[in-house]
Amino acid sequence: DQASDAGWGWRDLAFDGTYLYASDSGVIEQIDPATGLATGVTITSPINPARALAYDPATDHFWAANWDSNIYEFDRSGVMVNSFAPVGLSTYGMAWDPFSEGGPFLWLWSQDGPDPLLMASQLDPTTGLLTGVSFLGSGVVGEMAGGAAITDQLVPGYAVFLGANQG
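Quantities reported herein were computed from a predicted structural model and do not represent experimental measurements.

A. Structural detail: the packing of aromatic side chains. In total, this model carries ten aromatic pairs according to the counting rule given. Seen in terms of ring centroids, Y21 and F62 are 4.9 Å apart; in terms of plane orientation they differ by 65°. Their pairing is edge-to-face. With Y21 in strand β2 (residues 20-23) and F62 in strand β6 (residues 61-65), the pair connects residues that are 41 residues apart, well separated along the chain. Centroid distance W67 to Y92: 5.0 Å. Interplanar angle 80°. Geometry classified as edge-to-face.

B. Just the pattern of salt bridges, in detail. A complete count under the given rule lists two salt bridges for this structure. Close ionic contact of R76 with D16 constitutes a salt bridge, the shortest N to O distance being 3.0 Å. A residue pair is termed long-range when its members are at least 10 positions apart, and R76 in the loop between β7 (71-74) and β8 (80-84) and D16 in the loop between β1 (14-15) and β2 qualify at 60 residues. Judged by its relative accessible area of 31%, R76 is partly exposed. The closest approach of N and O atoms between D60 and R76, which form a salt bridge, is 2.8 Å. With D60 in the loop between β5 (52-56) and β6 and R76 in the loop between β7 and β8, this pair connects stretches of sequence that are 16 residues apart. Residue D60 is classed as partly exposed on the basis of its relative accessible area, which comes to 27%. Several salt bridges share partner residues, and in doing so they unite D16, D60 and R76 into one network.

C. A look at the nonpolar core. One finds A54, W63, I71, M94, L106 and L108 to be the most contacted residues of the largest nonpolar core, which totals 13 residues. Contributing elements (two or more residues each) for this core: β5, β6, β9 (91-97), β10 (105-110) and β11 (119-124). Leaving out residues up to four positions away in the same chain, L108 has contacts with I71, V87, L89, T91, G93, M94, M119, A120, S121, L123 and L130. In terms of nonpolar packing, the next biggest core, distinct from the first, is built from twelve residues, A14, Y55, F62 and A64 among them.

D. The arrangement of a nonpolar patch on the surface in detail. On the surface, a nonpolar cluster with roughly 390 Å² of combined accessible area is contributed by L154, V155, Y158 and L162. Within the secondary structure, L154 is located in the loop between β13 (144-151) and β14 (160-166).

E. Inspection of the side chain of Q30 at higher detail. Within the secondary structure, Q30 sits in strand β3 (residues 27-32). Side chain to side chain, Q30 and T39 meet in a polar contact 2.7 Å long. Excluding anything up to four places from it in sequence, Q30 contacts Y19, L20, Y21, L37, A38, T39 and V41.

F. Structural context of the side chain of S69. Tracing the backbone through its elements, the reader meets S69 in the loop between β6 and β7. The exposure class assigned to S69 is buried, which follows from its relative accessible area of 15%. A distance of 2.9 Å separates a polar side-chain atom of S69 from the backbone nitrogen of N66. If near-sequence neighbours (up to four positions away) are discounted, S69 is found in contact with I47 and P86.

Criteria and thresholds
Residues numbered from 1 in each chain as written. Predicted model: local features only at pLDDT ≥ 70, side-chain atom pairs only at ≥ 80, totals over all residues. Heavy atoms only, no water. Phe/Tyr/Trp six-rings, centres within 6.5 Å; stacked < 30°, edge-to-face > 60°. Helix = DSSP H or I, 4+ residues; strand = E, 2+ residues; numbered from the N terminus. Salt bridge = Lys/Arg side-chain N within 4 Å of Asp/Glu carboxyl O. Buried < 20%, exposed > 50% of the residue type's maximum accessible area, 1.4 Å probe, protein only. Core = buried A, V, L, I, M, F, W, Y, C linked by side-chain atoms within 4.5 Å. Contact = heavy atoms within 4.5 Å. Patch = residues over 30% accessible without salt bridge, like charges linked within 9 Å, V, L, I, M, F, W, Y side chains within 5 Å. Areas by Shrake-Rupley, 256 points an atom, 1.4 Å probe, with all protein chains shown as cover. Polar contact = N/O pair within 3.5 Å; in protein donor to acceptor, adjacent residues only side chain to side chain.

What follows is the structure in structure tokens.
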């Protein structure tokens, strides 16, 4: 159960090492992972809702998009740092990737593969352009992309992309 204000639930989650962050409106809400409840700390979002959300710990910046919107980079005060033109993907999840060679990269989890419509696409966060690296996700017919994350804590020596599906 989610205590989201909109009633239909928070979208993609981001994690800063202490708190989770999610959006169901024009703000990003800070969530205590121990309780699953919003702490009352909010960040003004450049998009309503931030359907796709990622966090870069090196800069303490957030990244957000909503379907094929602009891709936004902003700080904890809600101040926009960068805005990149849409890349033509139905982005519903984002993951910050500090692990891949040549990175860091931003991965977009979208509805753009063949049914079940799941695809991960790598984006260069310095240019806002797709790198050409992508792969299809797995699921069942009718599912859609949900949220995304990348971690190096699951399989020793590897970065693992996690894509949530919904449907």
